[in-house]
Amino acid sequence: MKILVNHIAQLVNTRTRSKVLRGNELAELPMINNAWLTIENGCITGYGSMSEPVPGGRDWTIIDAGGATVLPAWCDSHTHLVFAASREEEFVDKINGLSYAAIAAKGGGILNSARKLATMSEDALYDAAWNRLQSLMRLGTGAIEIKSGYGLDTNNELKMLRVIRRLKATAPIPVKASFLGAHTYPLAYKDDHEGYIRLILNEMLPAIAREGLADYIDVFCEEGFFSVEETETICRAGMQYGLKPKIHANQLHASGGAELGVELGAVSVDHLESMNASAIDALSGADTIGTLLPTAAFFLRMPFQPARELINANAAIALASDFNPGSSPSGNMNFVVSLSCIQMKLLPAEAINAATINGAYAMELGDTVGSITVGKKANLIFTQPIPSVNYLPYAFGTNLIHKVMINGAFI
Ligand code: NIG
Ligand code: FE
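Since we're looking at a predicted model, the values are computed, not measured.

Enquirer: Help me understand the overall build of the protein chain in this model?
Expert: The helix and strand tally for the protein chain stands at 15 helices and 16 strands. Over its C-alpha atoms the protein chain spans a radius of gyration of 21 Å, differing by no more than 12% from the 22 Å that the globule rule assigns to 411 residues. Along the first, second and third principal axes, the C-alpha atoms of the protein chain reach 70 × 45 × 40 Å. Within the protein chain, buried positions represent 61% of all 411 residues. Put simply, of all contacts in the protein chain between residues at least 6 apart along the chain, 72% involve residues at least 24 apart. Put simply, the protein chain shows about 15,400 Å² of open surface, and 51% of that area lies on carbon and sulfur atoms.

Structure follows, in structure tokens:
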């Protein structure tokens, strides 16, 4: 079926060639005013200005965009979408003055989620994650990465990864899976960190590899969680099975995770609230993408990520939601984009690039999604009529999404 979308007020992020953007390149957001776009078999086949000849034929389906702005769907490269239950009781604890670390120390946090996940069946977890994914798609998410890490034993980590595999098979959008067995130490290994790492290396990783359940290896590299040395051991073991690292780094402390990620050739190092000169230096000009998770900083009342310094250092940055019940109980990428403009002083163009094309590269999906490029999937956001694309992050909290198209069909 051939589709023509016409009367697009602005067609945003049009690129003849697709590549990861770094430094100054992030501020260039190419677009066409009063545009058309053609789609066949779910993929973009062409685009141009309405003032030039518009393709079409008798058997074509015509969609009048009616003055909508059209942009690539968000590419959310860091989520913990599979979880058992919300943790609003900890939200209240935090308001009452407890820190994230203090909540974790009293058995809350990740261990709280792990306890709840252990009692939930694979089917029930899948249903809950499926419903969350549908909501996110309606908010414009058109590709997503999902982590394990609330299992913390072999059976439950495999259970989570099998849920993600089912989402991959059933969801209409691309899904990537990261194995985050090293999210925290389970209670049984509280005083035997080496024993838990042995379990990850000798039992979990071989089982995951046998079933082909993960694309990436992730570790929470953080004081009180996994040290730089432990992170390196676990990442290298994952790499032996073909899993590239994508690691939680520099969230609460500048503990060397970002530098390690670059050294290992990680696809991305994520969080980056706590950056020092050496961490910024490591990402300067690096292939490893620095993925910023501003809603986690916002929710935990942490300092925001130094986005401008990273851009000035010629780093490639992406934006993601970190959707999880503990530090970012929202996967709304529209808010992520707004927040990064408001609090990290990203320009709207930089934020949109970071949440689309660079997010795609942070999942190695740069050839498939993230820009208006011939051959890429027609995973698109159609906005309400807006005065300019800058209005999107400006009007924070307002749902400006009119429709979302996935593989050329409205959801
Ligand atoms: O990315 N920082 C580590 N992991 C998650 C939070 C997990 C949780 O609190 O459940 C994050 O913020
Ligand atoms: Fe995370």
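Enquirer: It is not clear to me how the packing of helix α6 (residues 193-211) against helix α7 (residues 228-240) should be interpreted in this structure. Could you clarify?
Expert: Relative orientation and spacing of two packed helices are given, respectively, by the angle between their axes and the distance between those axes. One way to put it is that α6 packs onto α7 with a least axis distance of 10 Å and a crossing angle of 10°. Taken together, the axes of α6 and α7 lie roughly parallel to each other. From α6, His193, Ile197, Ile200, Leu201 and Leu205 reach across to α7, where they touch Glu230, Thr233, Ile234, Ala237 and Gly238. For the contact of α6 with α7, the class distribution of residues is 6 nonpolar, 3 polar and 1 charged.

Enquirer: What is the right way to look at the sheet that holds strand β10 (residues 244-249) in this model?
Expert: Sheets are built from strands that pair by backbone hydrogen bonding, the pairs being arranged parallel or antiparallel. Taken in spatial order, the 8 strands line up as β6-β7-β8-β9-β10-β11-β12-β13 in an open sheet, and their pairing is parallel. The sheet terminates laterally at β6 (74-76) and β13 (317-319), the two strands that pair on one side only. Here the average twist between neighbouring strands, direction ignored, is 25°. As paired strands, strand β12 (residues 289-292) and β13 are joined by 3 bridges and run parallel to one another. Residue Thr291 lies in a different strand from β13, and its bridge partner there is Ala318. Against the sheet, helix α5 (residues 154-170) contacts β7 (141-147) and β8 (175-182), and its axis sits at roughly 175° relative to β8.

Enquirer: What is the right way to read the domain arrangement of the protein chain from this model?
Expert: Often, the extent of an interface is quoted as the loss of accessible area on bringing the components together. Taken domain by domain, the protein chain comprises domain 1 (2-72 + 371-410) and domain 2 (75-361). On a C-alpha basis, the centres of domain 1 and domain 2 stand 30 Å from each other. At the boundary of domain 1 with domain 2, total buried surface from both sides reaches about 2,400 Å², with 64% on carbon and sulfur atoms. Looking at the side of domain 1 facing domain 2, the largest losses of area belong to Arg22, Leu26 and Pro393, adding up to 28% of the total buried there. Counting across the interface, domain 1 meets domain 2 through 0 salt bridges. Secondary structure elements with two or more residues in the side of domain 1 that touches domain 2: β5 (69-72), α15 (391-394) and β15 (401-406). Among the elements that make up the side of domain 1 that touches domain 2, the one with the highest residue count is β15 (3 residues).

Enquirer: Looking at this structure, how should I read the coordination of the iron ion (ligand 2)?
Expert: For a metal with four donors in a tetrahedral arrangement, the ideal angle between donors is 109.5 degrees, while six donors in an octahedron ideally sit at 90 or 180 degrees. Taken together, His78 (NE2), His80 (NE2), His248 (NE2) and Asp322 (OD) make up the protein donors of the iron ion (ligand 2), found 2.1 to 2.2 Å from the metal. Considered as a linear motif, the donors of the iron ion (ligand 2) on their single chain read H-x1-H-x167-H-x73-D. A residue pair is termed long-range when its members are at least 10 positions apart, and His78 in the loop between β6 and α1 (88-95) and His248 in strand β10 qualify at 170 residues. Across this residue pair, the class does not change: His78 and His248 are buried.

Enquirer: Honestly, the packing of aromatic side chains in this entry has me stumped. Any pointers?
Expert: Describing an aromatic ring pair means giving the distance of the ring centres and the angle of the ring planes. Overall, the coordinates contain 10 aromatic pairs when judged by the stated rule. Ring plane angle 65° and centroid distance 5.4 Å describe the contact between Phe298 and Phe335, whose orientation is recorded as edge-to-face. Remark: Phe335 occurs in helix α12 (residues 333-344) and Phe298 occurs in helix α10 (residues 294-299); sequence separation between them is 37 residues. Assessed through its relative accessible area of 44%, Phe298 is described here as partly exposed. Among the residues examined, Phe335 registers a relative accessible area of 22% and is labelled partly exposed.

Enquirer: Looking at this structure, how should I read the pattern of salt bridges?
Expert: Where charged atoms from two side chains of opposite charge come close, those side chains can pair. On inspection of all chains with the given rule, the structure shows 13 salt bridges. A salt bridge links Glu211 to Arg162; the shortest N-O distance between them is 2.6 Å. With Glu211 in helix α6 and Arg162 in helix α5, this residue pair connects regions lying 49 residues apart in the sequence. Since its relative accessible area comes to 25%, Arg162 is described here as partly exposed. Note that Asp215 and Lys168 form a salt bridge whose closest N and O atoms lie 2.7 Å from each other. In this pair, Asp215 sits in the loop between α6 and β9 (216-219) while Lys168 sits in helix α5, placing the two residues 47 residues apart along the sequence. For Asp215, a relative accessible area of 23% corresponds to the partly exposed category. Salt bridges linked by common partners bring Glu122, Asp123 and Arg166 together as one network.

Enquirer: What exactly am I supposed to notice about the nonpolar core here?
Expert: Side chains of nonpolar character tend, in soluble globular proteins, to be buried together. Core analysis: the largest hydrophobic core is formed by 108 residues, its most contacted members being Val82, Leu167, Phe179, Phe226, Leu310 and Leu319. A total of 8 residues in this core trace back to one element, the largest contributor, which is α6. For this core, the domains that each give at least three residues are domain 1 (2-72 + 371-410) and domain 2 (75-361). Not counting the four nearest positions on each side in its chain, Leu167 is found in contact with Leu81, Val82, Tyr126, Ala129, Trp130, Leu133, Ile146 and Val175.

Enquirer: What's the story with the site of ligand 1 in this structure? I'm lost.
Expert: Within the structure, ligand 1 sits among 15 residues, and Arg87, Tyr150, His183, Gln251 and Ser327 are positioned closest to it. In the environment of ligand 1, an oxygen atom lies 3.3 Å from a nitrogen or oxygen atom belonging to the side chain of His80. Contact distances for ligand 1 include 2.9 Å between an oxygen atom and a side-chain N or O atom of Asp322. For ligand 1, the accessible surface in isolation is 330 Å², of which the surrounding protein chains cover 100%.

About the cut-offs
Residues numbered from 1 in each chain as written. Chains lettered and ligands numbered in written order. Predicted model: local features only at pLDDT ≥ 70, side-chain atom pairs only at ≥ 80, totals over all residues. Heavy atoms only, no water. Helix = DSSP H or I, 4+ residues; strand = E, 2+ residues; numbered from the N terminus. Rg over C-alpha atoms; globule rule 2.2 N^0.38 Å. Buried < 20%, exposed > 50% of the residue type's maximum accessible area, 1.4 Å probe, protein only. Contact = heavy atoms within 4.5 Å. Areas by Shrake-Rupley, 256 points an atom, 1.4 Å probe, with all protein chains shown as cover. Axes fitted to C-alpha atoms, helices over the stretch in contact; angles between N-to-C directions. Parallel < 35°, antiparallel > 145°, perpendicular 65-115°, else oblique. Nonpolar A, V, L, I, M, F, W, Y, C, P; charged D, E, K, R; others polar. Pairing = 2+ DSSP bridges. Domains from an automatic or database assignment. Buried area = accessible area lost by both parts, 1.4 Å probe. Salt bridge = Lys/Arg side-chain N within 4 Å of Asp/Glu carboxyl O. Donors = N, O, S within 2.8 Å, 3.2 Å for Na, K, Ca; no water. Phe/Tyr/Trp six-rings, centres within 6.5 Å; stacked < 30°, edge-to-face > 60°. Core = buried A, V, L, I, M, F, W, Y, C linked by side-chain atoms within 4.5 Å. Near = heavy atom within 4 Å. Polar contact = N/O pair within 3.5 Å; in protein donor to acceptor, adjacent residues only side chain to side chain.

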